[in-house]
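Inside the fold
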Amino acid sequence: MALAAGSVALLADSVDFLEDTAINLLIALALGWSLRRRAVVGRLMMLVLLVPAVAAGWAAVQRFGDPRPPEVAPVVLASLGAIVVNGASALLLTGIRRHGGSLTAAAFLSARNDVVVNVAVIVMGVVTAATGSGWPDLVLGAAIIALGLHAAWEVWEASEDERLAARALAGETID
C-alpha cells in the first residue's frame, strides 16, 4: 500500500510492522530466560527498533530532491486499520509493560509508537490533501526516525538494568 500510494511515512510504518514481528518472536523465545540472557535479547531488540528509523531516513533522503505528495486515501485507510490493531496491542500490554524488563518494554513501546505514528500519518494525509505538497510526508519520516531512536534508547536502558541486575545476583562487581 505504501509503495502504491508513494508515501515515505507509510513505508516507514510498514517496515515498522516487520520490526514488530521480529520483536514479538524474540519476546516469545526469551520469556523464560535468565536476566543475563534477556539483557542480551534486549540489546538485540534495540537494534531491531533502529531498522524502521534507518528505512525511513533512506526513503526521505531519496525523496528530498523531489518531494511528491502521496495518494491520501490509501494512506489514511491503511493507517486507520493499523491504529485498531496496534491500539488493542498497546492496551493489552499496558498492565505488564514495567514487569518484564526490556522484553515487555520493547513490546509496549513498539505498539504505542505504532499508534502514535499512524495518527500522525492520518494528520499528514489531511495536510497533504489540503496543500498538495510532499513535504509533510518527508517531515513525518523525520519524526518517525526520532521516535524509533528514542524507543531504541529506552530498550537499551532497560537491557542495561537487566545486565547489571544479573551481575549483582551473581555476586559480580558492578562497574
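An unreviewed UniProt entry lists the protein chain under the name Co/Zn/Cd efflux system component, with Terracoccus luteus as the source organism. Turning to the protein chain, the UniProt annotation filed under Subcellular location (unreviewed entry) states: "Membrane".

**Topic: the overall build of the protein chain**
Of regular secondary structure, the protein chain possesses 6 helices and 0 strands. Mapped from its N terminus to its C terminus, the protein chain presents α and β elements in the order α-α-α-α-α-α. C-alpha atoms of the protein chain, sized along the principal axes, occupy 60 × 30 × 20 Å. Counting all 175 residues of the protein chain, 45% fall into the buried class. Looking at charge distribution, the protein chain has the averaged site of its 11 positive side-chain charges lying 7 Å from that of its 15 negative ones.

**Quick notes on a nonpolar patch on the surface**
A grouping of Val119, Val123 and Val127 is seen on the molecular surface, where their side chains present a nonpolar patch of about 210 Å² in accessible area. One can find Val127 in helix 5 (residues 102-131).

**Quick word on the packing of aromatic side chains**
Throughout the structure, instances matching the rule amount to 1 aromatic pair. Here the aromatic rings of Phe64 and Trp135 are separated by 5.3 Å at their centres, their planes lie at 85°, and the arrangement is edge-to-face. Of this pair, Phe64 sits in the loop between helix 3 (35-63) and helix 4 (72-94) while Trp135 sits in helix 6 (residues 135-169), placing them 71 residues apart in sequence. Overall, the relative accessible area of 53% leaves Phe64 in the exposed class. Above the face of the Trp33 ring, Arg37 is positioned so that its terminal group lies 4.1 Å from the ring centre. Here the guanidinium or amino end of Arg43 rests over the ring plane of Trp156, the centre of that ring lying 4.1 Å away.

**Description of the nonpolar core**
Where a protein is soluble and globular, its nonpolar side chains tend to be buried together. If you look at the biggest cluster of nonpolar residues, it comprises 18 residues, and the most contacted ones within it are Leu26, Val41, Met45, Leu49, Leu93 and Val155. Of all hydrophobic cores here, the second largest spans 12 residues; its members include Ala2, Ala56, Val75 and Val117.

**Points about helix 4**
For helix 4, which comprises 23 residues, the first-to-last C-alpha distance of 31 Å matches the rise-based estimate of 33 Å (1.5 Å per residue) to within 8%. Along helix 4, the positions that sit buried rather than exposed are Pro74, Val75, Val76, Ser79, Ala82, Asn86, Gly87, Ala90 and Leu93.

**So, the pattern of salt bridges**
Opposite charge on two side chains permits pairing when their charged atoms draw close. A full pass over the atoms with the stated rule returns 5 salt bridges. Salt-bridge contacts for Arg68 lead to Asp66; the nearest nitrogen and oxygen are separated by 3.2 Å. Given the relative accessible area of 42%, Arg68 is considered partly exposed. When salt bridges with common partners are traced through the structure, they connect Arg36, Arg167 and Glu172 into a single cluster.

**Looking at the packing of helix 3 against helix 6**
Put simply, helix 3 and helix 6 touch, their axes get as near as 8 Å, and they point 165° apart. Regarding the angle of helix 3 to helix 6, the classification is roughly antiparallel. The chirality of how helix 3 crosses helix 6 is left-handed. A class-by-class count of the residues in the contact of helix 3 with helix 6 yields 20 nonpolar, 5 polar and 9 charged.

**What about the UniProt feature "transmembrane region" (unreviewed entry) in the protein chain?**
Mapped onto this numbering, the UniProt entry annotates "transmembrane region" (unreviewed entry) at residues 40-60, 72-94 and 115-132. Between the C-alpha atoms that bound residues 72-94 the distance is 31 Å, and the span itself is 100% helix and 0% strand. Helix makes up 94% of residues 115-132 and strand 0%, and the two end C-alpha atoms of the span are 25 Å apart.

Reading the values: the criteria
- Residues numbered from 1 in each chain as written.
- Predicted model: local features only at pLDDT ≥ 70, side-chain atom pairs only at ≥ 80, totals over all residues.
- Heavy atoms only, no water.
- UniProt positions renumbered as here; feature names shortened; annotations may be inferred.
- Helix = DSSP H or I, 4+ residues; strand = E, 2+ residues; numbered from the N terminus.
- Buried < 20%, exposed > 50% of the residue type's maximum accessible area, 1.4 Å probe, protein only.
- Lys, Arg positive; Asp, Glu negative; His and termini not counted.
- Charge placed at Lys NZ, Arg CZ, Asp CG, Glu CD.
- Patch = residues over 30% accessible without salt bridge, like charges linked within 9 Å, V, L, I, M, F, W, Y side chains within 5 Å.
- Areas by Shrake-Rupley, 256 points an atom, 1.4 Å probe, with all protein chains shown as cover.
- Salt bridge = Lys/Arg side-chain N within 4 Å of Asp/Glu carboxyl O.
- Phe/Tyr/Trp six-rings, centres within 6.5 Å; stacked < 30°, edge-to-face > 60°.
- Lys NZ or Arg CZ within 6 Å of the ring centre and 35° of its normal.
- Core = buried A, V, L, I, M, F, W, Y, C linked by side-chain atoms within 4.5 Å.
- Expected span 1.5 Å × (residues − 1).
- Axes fitted to C-alpha atoms, helices over the stretch in contact; angles between N-to-C directions.
- Parallel < 35°, antiparallel > 145°, perpendicular 65-115°, else oblique.
- Left-handed = near helix turned anticlockwise from the far one by under 90°.
- Nonpolar A, V, L, I, M, F, W, Y, C, P; charged D, E, K, R; others polar.

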